[in-house]
Amino acid sequence: MQERQSWRCFVILTGDVAYEPGGETLSALMAEYLHRWGYAGEIIREIGQMGTFAEPRRVIEIVAELRRVNPDLQLDHIAVVSSDWQLRAGNVFWREETRRTFLHYIPLPITGT
């Protein structure tokens, strides 16, 4: 019988801009939302503004670093949850960045944001 491997889920949040002037950042609001709905896994908040072009590269760098410091970590999928309009603009960059890696890219657009 094959031994089952447990898996770890990471949520990497970007969006280091305030939702409203002087208010919480988008990533802070997303982290609060996840906690409120019971998510107890690891959350990595990327600090520093980044745009549609740079975001995929930076997130892939974070994932590569996680694998480097945790060689036994089995990461092979990345699900990108984003507003539909943002994902539409960034989709080509996510595909390009993940094509160069070990990751299977899963886009998950959210409408109405």
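Scope of this entry: the structure provided in the associated data block. (Residues numbered from 1 in each chain as written. Predicted model: local features only at pLDDT ≥ 70, side-chain atom pairs only at ≥ 80, totals over all residues. Heavy atoms only, no water.)

### Comments concerning the packing of helix α2 (residues 54–69) against helix α3 (residues 84–99)
Rules: To define axes, lines are fitted to C-alpha atoms, for helices over the stretch in contact only, and angles between the resulting N-to-C directions are given on a 0 to 180 degree scale. Only DSSP runs of H or I covering at least 4 residues are called helices, and only runs of E covering at least 2 are called strands; the numbering of each starts at the N terminus. Each angle receives one of four descriptions, namely roughly parallel if under 35 degrees, roughly antiparallel if over 145, roughly perpendicular if within 65 to 115, and oblique otherwise. Helix crossings fall into two classes, left-handed where the near helix is turned counterclockwise from the far one by less than a right angle and right-handed where it is turned clockwise. Two residues form a contact once any of their heavy atoms are found within 4.5 Å. The classification used treats Ala, Val, Leu, Ile, Met, Phe, Trp, Tyr, Cys and Pro as nonpolar, Asp, Glu, Lys and Arg as charged, and all other residues, Gly among them, as polar.
Between α2 and α3, the least distance of the axes is 8 Å, while the angle of their chain directions is 30 degrees. When the axes of α2 and α3 are compared, the pair comes out roughly parallel. The interaxial crossing formed by α2 with α3 has right-handed handedness. Judged by residue contacts, Glu55, Pro56, Arg57, Val59 and Ile60 of α2 engage Phe93, Trp94, Glu97 and Thr98 from α3. When its residues are assigned to classes, the contact of α2 with α3 shows five nonpolar, one polar and three charged.

### Quick look at the nonpolar core
Note the following rule: Side-chain atoms within 4.5 Å are what join buried Ala, Val, Leu, Ile, Met, Phe, Trp, Tyr and Cys residues into a set we call a nonpolar core. Relative accessibility decides the category of a residue: with a 1.4 Å probe and only protein chains considered, values under 20% of the type maximum give buried, values over 50% give exposed, and everything between is partly exposed.
Counting 14 residues, the largest nonpolar core has Leu66, Leu75, Ile78, Val80, Trp94 and Tyr105 as the members making the most contacts within it. Those elements that provide at least two residues to this core are α2, β3 (77–83) and α3. With five residues, α2 is the single largest residue contributor to this core. Leave out the neighbours within four places in its chain, and Leu75 touches Phe10, Val63, Leu66, Arg67, Phe102 and Leu103.

### Some thoughts on α3
To be explicit about the condition: To estimate the expected span of a helix, count its residues, drop one, and scale the result by 1.5 Å. Each residue is assigned a bend, namely the angle between axes fitted to the seven residues that terminate at it and the seven residues that start at it.
Between its first and last C-alpha atoms α3 spans 21 Å; for 16 residues at 1.5 Å apiece the expected length is 22 Å, and the two agree. At Gly90, α3 shows its maximal kink, close to 55 degrees. Every buried residue belonging to α3 is among Leu87, Gly90, Trp94, Glu97 and Thr98, and all of these are buried.

### Comments concerning the pattern of salt bridges
Test applied: Salt bridge criterion: a side-chain nitrogen from Lys or Arg within 4 Å of a carboxyl oxygen from Asp or Glu.
Per the stated rule, a full pass over the model turns up five salt bridges. In this structure, the salt-bridge partner of Glu97 is Arg57, at a minimum N-O distance of 3.1 Å. Here Arg57 lies in helix α2 and Glu97 lies in helix α3, a separation of 40 residues in the sequence. You can call Glu97 buried: its relative accessible area is 8%. The exposure class of Arg57 is partly exposed, given its relative accessible area of 41%.

### With respect to the environment of Thr101
Filter applied, for reference: Any N or O atom pair separated by 3.5 Å or less is treated as a polar contact, with the protein-specific requirement of one donor-capable and one acceptor-capable atom, and with residues adjacent in sequence counted only for side-chain atom pairs.
Tracing the backbone shows Thr101 in the loop between α3 and β4 (104–110). Of the residues examined, Thr101 reaches a relative accessible area of 27% and is grouped as partly exposed. Taking the C-alpha atoms as reference points, Thr101 and Ile60, separated by 41 residues in sequence, lie 8.3 Å from one another. A polar contact of 3.0 Å, which involves the side chain of Thr101, links it to the backbone nitrogen of Leu103.

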